[in-house]
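Structure assessment
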Amino acid sequence: MRKSHPVRRAVLATAATVSGIVLLLSLKPASDPGAAEAAGGAAPPAAAQSPQGGSQPIGDGTVTGDASSTEYGAVQVRLTVSGGKITKAEAVQAPKGGQSDQITSNSVPKLNQAAVAAQGAEIDAVSGATYTSAGYKQSLQSALDKARAAAGPSDSSSGADGEGGGDSGEAQAQTVTGDPAQTQYGPVQVRITVSGGKITKAEAVQAPKGGQSDQVTSSSVPKLNQAAVAAGSAEIDAVSGATYTSAGYKQSLQSALDKAGG
């Protein structure tokens, strides 16, 4: 019996040592910050830092949305943007005639104010002017889309470093819409794109239509657009057979140039 005591003690000592080592090994990973990080501890911060698609900036200048047709007439919105913010909103077209006059005069000022306040097309409809409100929001969204397209990627990178000035000329391109010019056959309204002090694009957003006016407009307006770009001013010749349309075009073109500062 006495001979077995030293063996028993050795076995017990060895067992205790092994147990202690196992215990230490099992505790170490939980207390090691490096192991916790490798196990995924850093994953939540990385996910939180993933960029979210924020709203694209809008370019400065005056931009007119596409006309939106409603049951009671077209609605078309023009925005003035300064410093990347909407500073003015106005309806260059709205339903008119009969009861529409009262509805337009009541709803449009409220919609204009709402657009500036919201800085976007997420605005509430005006009570009693459902169709006008819907058309306004649609044209407003169109104007915003055009303003964002005009801003392009150059706006977001222009301040990235001191050598970004090479794109400044493109960033200054602006789209301006002249006031509608009333003619005997309907209004004419011209929109121009100006870059580097030159007209790079001209288009009629309104022109006489219906009956023979359709043919006159389709024939004359492309020629007037080309003439405006070529001349770089409102000093363009009237198109033969389209005297009234030409006169209205030149008047609205001059209005757009005045707004553009040219």
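Below is a short write-up of the structure. It should be emphasised that the depicted structure is a prediction, and the values quoted were computed from it without experimental measurement.

A few points about the overall build of the protein chain
In terms of regular secondary structure, the protein chain is built from nine helices and seven strands. When burial is assessed residue by residue, the protein chain has 32% of its 262 residues classed as buried. Considering only contacts in the protein chain between residues 6 or more positions apart, those separated by 24 or more positions represent 49%.

Looking at the layout of surface pockets
Estimates place the volume of the largest pocket at around 420 Å³. Every residue lining the largest pocket is counted, 19 residues in all, and those nearest its centre are Ala74, Gln93, Pro187, Gln206 and Lys209. Reported here for the second largest pocket is a volume of approximately 270 Å³. Taken together, 16 residues make up the lining of the second largest pocket; nearest its centre are Lys146, Ala150, Gln174, Thr175 and Thr193. Elements that contribute at least two residues to the lining of the second largest pocket include exactly β1 (61-64), α5 (130-151), β5 (174-177), β6 (189-195) and β7 (198-206). A total of four residues in the lining of the second largest pocket trace back to one element, the largest contributor, which is α5. The residue inventory of the lining of the second largest pocket, partitioned by class, reads five nonpolar, six polar and five charged.

Structural notes on the environment of Gly178
Examined against the element boundaries, Gly178 turns out to sit in the loop between β5 and β6. The exposure class of Gly178 is buried, given its relative accessible area of 0%. Distance from Gly178 to Ser252, taken between C-alpha atoms, is 4.9 Å for residues 74 residues apart in sequence. Look past the residues within four positions of Gly178 in its chain and what remains in contact with it is Arg78, Gln189, Val190, Ser252, Ser255, Ala256 and Lys259.

Quick word on the environment of Thr80
Relative to the elements of secondary structure, Thr80 occurs in strand β3 (residues 73-82). Separated by 63 residues in sequence, Thr80 and Ala143 have C-alpha atoms that sit 9.9 Å apart. Ignoring any residue separated from it by four or fewer positions in sequence, one finds Thr80 in contact with Gly61, Thr62, Lys85, Ile86, Thr87 and Lys88.

What to know about the packing of aromatic side chains
Scanning the model with the defined rule gives two aromatic pairs in all. Seen from their ring centres, Tyr185 and Tyr244 are 5.4 Å apart, and the 70° between their planes marks the pair as edge-to-face. Pair noted here: Tyr185 is in the loop between β5 and β6 and Tyr244 is in helix α9 (residues 243-260), with a separation of 59 residues, a long-range link. Residue class for Tyr244 comes out partly exposed when judged on its relative accessible area of 42%.

Thresholds applied
Residues numbered from 1 in each chain as written. Predicted model: local features only at pLDDT ≥ 70, side-chain atom pairs only at ≥ 80, totals over all residues. Heavy atoms only, no water. Helix = DSSP H or I, 4+ residues; strand = E, 2+ residues; numbered from the N terminus. Buried < 20%, exposed > 50% of the residue type's maximum accessible area, 1.4 Å probe, protein only. Contact = heavy atoms within 4.5 Å. 1 Å grid on protein atoms, 1.4 Å probe; cavity = no way out; pocket = protein on both sides within 12 Å on 5 of 7 lines; lining within 4 Å. Points joined across faces, edges and corners; volume = space filled by probe spheres on them. Nonpolar A, V, L, I, M, F, W, Y, C, P; charged D, E, K, R; others polar. Phe/Tyr/Trp six-rings, centres within 6.5 Å; stacked < 30°, edge-to-face > 60°.

This is a description of form; function is not addressed.
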